Structure formats: structure tokens, C-alpha cells
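Each chain, written out:
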Amino acid sequence: MTEAILLVGGKGTRLRPLTVHTPKPMVPAAGVPFLTHQLARARAAGVEHVVLATSYLAEVFEPYFGDGSALGLHIEYVTEEEPLGTGGAVRNVASRLHSGPDEPVLVFNGDILTGLDIRALVRTHETSGADVSLHLTQVSDPRAYGLVPTDGTGRVLAFLEKPQKPEEIVTDQINAGAYVFRRSVIDTIPAGRVVSVERETFPGLLAAGAHLQGMVDSTYWLDLGTPAAFVRGSADLVLGRAPSPAVPGRCGDRLVLPTARVAPDAKLEGGTVVGEGAFVAEGARVFGSTILPGAVIEPGAVVTDSLIGTRARVGERAVLTGAVIGDGAVVGARNELREGVRVWCDARIPAGAVRFSSDQ
């Protein structure tokens, strides 16, 4: 296997305001755009040629990655004029592939952080003679995902989208968003219209008698679709819980990028990242959080499990827990922001305006 398609066209609506100015795969995780980790892991598994299926803010990708040579890859870019769904995006880039009809092509969703053994998935595909092979992972509550029951040999039996009733939950195996396609199968996907591999392509292939093979690999898997998950994924990369050859530094409690500044008595723990040009002032405490480039954490602020956008500012003695602060926003001194709050890009919160405790 030498080719891969990465699906990076989504708008990332669940991640807003992080994705107002930046496509989801380009939001930094552990100091580099998340897509960098996926590309580096693909290269480590033997991939040489990658086609990026882009749509939303498509103009951002090529200036950053260029031809891919810095990562040891040859990268091409195909932009959808209108979003085509996961299957439509795969079909839309088919003309850029070089593989023969029976050769394997790797397909990744652009928002999954995983420790998948890519080579093992390809071996499973080849030894089983499958038309499509799917990475499956096991979760404790599968209701938010697509269930994929298999027989004793791993052959896929059905696709059950987001079951809600107890009797519908027949397995804890879910579609984990990485696939190996026989090249000829990609050409059977309808061109020029919206197609979902999960709801149309895979069930259709199964109904037509195609061989779909599942491989369960539950080492590490996280859907980075929500701000809380994205922050956790970045921290896990820094801590070494999630594997990536692209982390720009040693794994540990903190990752401070070269031009960032951190006061000697500031405390950084839990996989915190401080991006290029950012500043963490004296007495500040930051745990499990991502501070994007140019952001400022003022003296005595406490930031936990949060993401602070590019050039944003967190005021003196502010307390943030599970918060997302958009690019250029300012959180004034002594504010308290709790789980789930999203402050939009360039917003201004005056000092002491939002609190959950007394101001005394």
C-alpha cells in the first residue's frame, strides 16, 4: 500500500469557534496542525502518496504542507466546489490515484486520533481478500456511533446507524473511520453527488454481496469533533498516551514551543501546550489545556481543560474550566467560566462580569 486519501473537507461546526478561521484538521494539537499527526503516521506505515479531499477553507492546506516533501510524502489537493459527503469526496479524488484495480487504498477521516496499527489493517485486507476493510473499535456506549457487527472471522454482517433502543445495540463495535478500499471499488461510487460511505456505500456493497472485513483495534481512539475531545486529544499526545511521530518535543507534562514564554513560577501540567509566541505570566496555573500561538495568560489565572485561541487573552486571576476562547477574544480579570462555555472570536468580557462565586 502506497496511497491514501484523507477526508479533510468538513466544516467542523461542533468545534466552533475554533473553526471560524481554521479548518478542523489544521487546528493545532500538541503544537502542530492535527493533520500533521495523521500524515506522519501514514508515512510511518509506508504511505508515499496522499490526496487531501478539501472543501471548507481549502486554501489553507497547500500553503502549509506544500508538496509534502518535508514529511517524506507526495501530497495532492482536490477541492470540492460543493460538499459531497464522505463517499462523494472519495470518488471525487479517484482520478488522482495511481493504484491498479486490485491494489489497496487507505482512507482516513480527518478528525480521528487513533493508535491504529495501519499495517495490520492492510494485512487483514489482503489476507481476507476483502473489497473494503474497516477499522473497528469497541466503546462502552455505542449509541452515538454506527454499529458494525461481524461474524467469527471478522466479516461484516450489517451497518446499524446510531441505534437508540436497547434491543438495537447488538455489538459494542463501531466504525472507527479508517478504511482500506480495493481501488476498483472506489470507481463504483456515484460521481458528482453527495454520497455517505456509512449510510449508502457500505450498506449498498453489503447488499450486493461484496466482502467487507472488520478489524478490531482498540488501542487508542478518540473522535476530536468536540472542543472537550480536542483538548483531551492534544493533552494525550503530549503525555504520550496517543502515539504520533509528529509531536515537536519530548512527551511529558508540558510542551512549550520555542518562541513561547513561561514565567518561572507558572505551573504547567497535564499535557498542556503553549504555542509559538504565547505568554504565561507569573503565578498562572494551566492544566491539560492548549494555549494557541500569540495567546496571553495573565498573572494568577487558572486554566483547566480549556483551549485558548490564537492571540486571545485571559485576564489576571480569571478561572477557566472546560472553556473554549476564540481567536482574539479577551476574558477580563477575575471572570469565572465553567464547562462548555464558548467565547466567540474577538469577543470582550469585561473584568469581573461573569462569576459563579462571590466577588469577595
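For clarity, every value in this text was computed on a predicted model and none was experimentally measured.

Calculation notes
Residues numbered from 1 in each chain as written. Predicted model: local features only at pLDDT ≥ 70, side-chain atom pairs only at ≥ 80, totals over all residues. Heavy atoms only, no water. Helix = DSSP H or I, 4+ residues; strand = E, 2+ residues; numbered from the N terminus. Rg over C-alpha atoms; globule rule 2.2 N^0.38 Å. Buried < 20%, exposed > 50% of the residue type's maximum accessible area, 1.4 Å probe, protein only. Pairing = 2+ DSSP bridges. Contact = heavy atoms within 4.5 Å. Polar contact = N/O pair within 3.5 Å; in protein donor to acceptor, adjacent residues only side chain to side chain. Phe/Tyr/Trp six-rings, centres within 6.5 Å; stacked < 30°, edge-to-face > 60°. Salt bridge = Lys/Arg side-chain N within 4 Å of Asp/Glu carboxyl O. UniProt positions renumbered as here; feature names shortened; annotations may be inferred. Axes fitted to C-alpha atoms, helices over the stretch in contact; angles between N-to-C directions.

## Quick notes on the overall build of the protein
1) Next: Within the protein, the secondary structure is distributed over seven helices and 30 strands.
2) Next: Compactness check: the protein gives a C-alpha radius of gyration of 22 Å against a globular reference of 21 Å for 360 residues, within 12% of the reference.
3) Next: With respect to the principal axes defined by its C-alpha atoms, the protein has extents near 70 × 50 × 35 Å.
4) Next: Across the 360 residues in the protein, those meeting the buried criterion constitute 56%.

## Remarks on the sheet that holds strand E16 (residues 267-269)
1) Next: On the basis of which strands lie adjacent, the open sheet formed by five strands has the order E16-E19-E22-E25-E28 and parallel pairing. Each edge of the open sheet carries a strand with a single partner, namely E16 and strand E28 (336-337).
2) Next: Of the pairings in the sheet, the one linking E16 to strand E19 (residues 285-287) comprises three bridges and is parallel in character. Looking at the pairing, Lys267 lines up with Arg285 of E19.

## Quick notes on the environment of Asn175
1) Next: Summarising the element assignment, Asn175 is placed in strand E11 (residues 173-182).
2) Next: Residues Asn175 and Glu200 lie 25 residues apart in sequence; the distance between their C-alpha atoms is 14 Å.
3) Next: What Asn175 contacts, discounting residues up to four positions off in sequence, is Leu134, His135, Leu136, Gly146, Val148, Glu198, Phe202 and Trp221.
4) Next: In this structure the side chain of Asn175 is engaged in a polar contact, spanning 3.1 Å, whose partner is the side chain of Tyr179.

## A closer look at the packing of aromatic side chains
1) Next: Counted under the stated rule, the structure contains six aromatic pairs.
2) Next: Aromatic side chains Tyr145 and Trp221 sit 5.6 Å apart centroid to centroid with 70° between the ring planes, which places their arrangement in the edge-to-face category. You can see Tyr145 sitting in the loop between strand E8 (132-138) and strand E9 (146-147) and its partner Trp221 sitting in strand E13 (residues 221-223), a full 76 residues away along the chain.
3) Next: Judged by relative accessible area, which is 25%, Tyr145 ranks as partly exposed.
4) Next: With a centroid separation of 5.0 Å and 75° between ring planes, the pair formed by Tyr179 and Phe202 is classed as edge-to-face. One end of the pair, Tyr179, is in strand E11; the other, Phe202, is in helix H6 (residues 197-207), and 23 residues separate them in sequence. Judged on exposure class, the residue Tyr179 and its partner Phe202 are both buried.
5) Next: Joined through ring pairs, the aromatic side chains of Phe159, Tyr179, Phe181 and Phe202 make up one cluster.

## So, the pattern of salt bridges
1) Next: Inspection of the entire model under this criterion finds 11 salt bridges.
2) Next: A salt bridge links Lys24 to Asp111; its shortest N-O distance comes to 3.0 Å. Residue Lys24 is found in the loop between strand E1 (3-7) and strand E2 (28-29), and its partner Asp111 is found in the loop between strand E6 (104-109) and strand E7 (112-114); the two are separated by 87 residues along the sequence.
3) Next: We classify Lys24 as buried; its relative accessible area is 13%.

## Topic: the UniProt feature "domain: Nucleotidyl transferase" (unreviewed entry) in the protein
1) Next: UniProt's entry tags residues 4-236 with the feature "domain: Nucleotidyl transferase" (unreviewed entry), counted in the numbering of this structure.
2) Next: Taken end to end, residues 4-236 has its terminal C-alpha atoms 25 Å apart, with 26% of it in helix and 25% in strand.

## Examining the UniProt feature "domain: Mannose-1-phosphate guanyltransferase C-terminal" (unreviewed entry) in the protein
1) Next: On the UniProt side, "domain: Mannose-1-phosphate guanyltransferase C-terminal" (unreviewed entry) is annotated at positions that read residues 252-332 here.
2) Next: The span residues 252-332 carries 0% helix and 42% strand; its end-to-end C-alpha distance comes to 31 Å.

## Topic: the sheet that holds strand E23 (residues 307-308)
1) Next: Taken together, six strands build an open sheet; the order of strands is E14-E17-E20-E23-E26-E29 and the sheet is parallel. This sheet does not close on itself; its edge strands, each paired only once, are strand E14 (254-256) and strand E29 (342-343).
2) Next: As judged from the two bridges shared by strand E20 (residues 290-291) and E23, these two strands associate in the parallel manner. When the sheet's bridge partners are listed, Thr290 is paired in E23 with Leu307.
3) Next: Set on the sheet, helix H7 (residues 227-239) makes contact with E14, strand E17 (272-274), E20, E23, strand E26 (324-325) and E29; between it and E17 the angle comes to about 90°.

## Things to note about unusual backbone geometry
1) Next: Cis geometry is found at the peptide bond from Arg16 to Pro17, where omega equals 15°.
2) Next: Within the secondary structure layout, Pro17 lies in the loop between E1 and E2.
3) Next: Non-glycine residue Leu57 carries a positive phi angle of around 50°.
4) Next: Structurally, the position occupied by Leu57 is in the loop between strand E4 (49-54) and helix H2 (61-65).

## Describing the side chain of Ser99
1) Next: With respect to the helices, strands and loops of the structure, Ser99 is situated in the loop between helix H3 (85-92) and E6.
2) Next: For Ser99, the side chain forms a polar contact with the side chain of Glu3, separated by 2.4 Å.
3) Next: Excluding residues within four positions of it along the chain, Ser99 makes contact with Glu3, Pro104, Val105 and Arg183.

## Things to note about the environment of Leu147
1) Next: Secondary-structure assignment places Leu147 in strand E9.
2) Next: With a relative accessible area of 1%, Leu147 lands in the buried category.
3) Next: Sequence-distant contacts of Leu147, defined by excluding residues within four places in its chain, comprise Pro142, Ala158, Phe159, Leu160, Pro163, Glu168, Ile169, Val170, Thr171 and Gln173.

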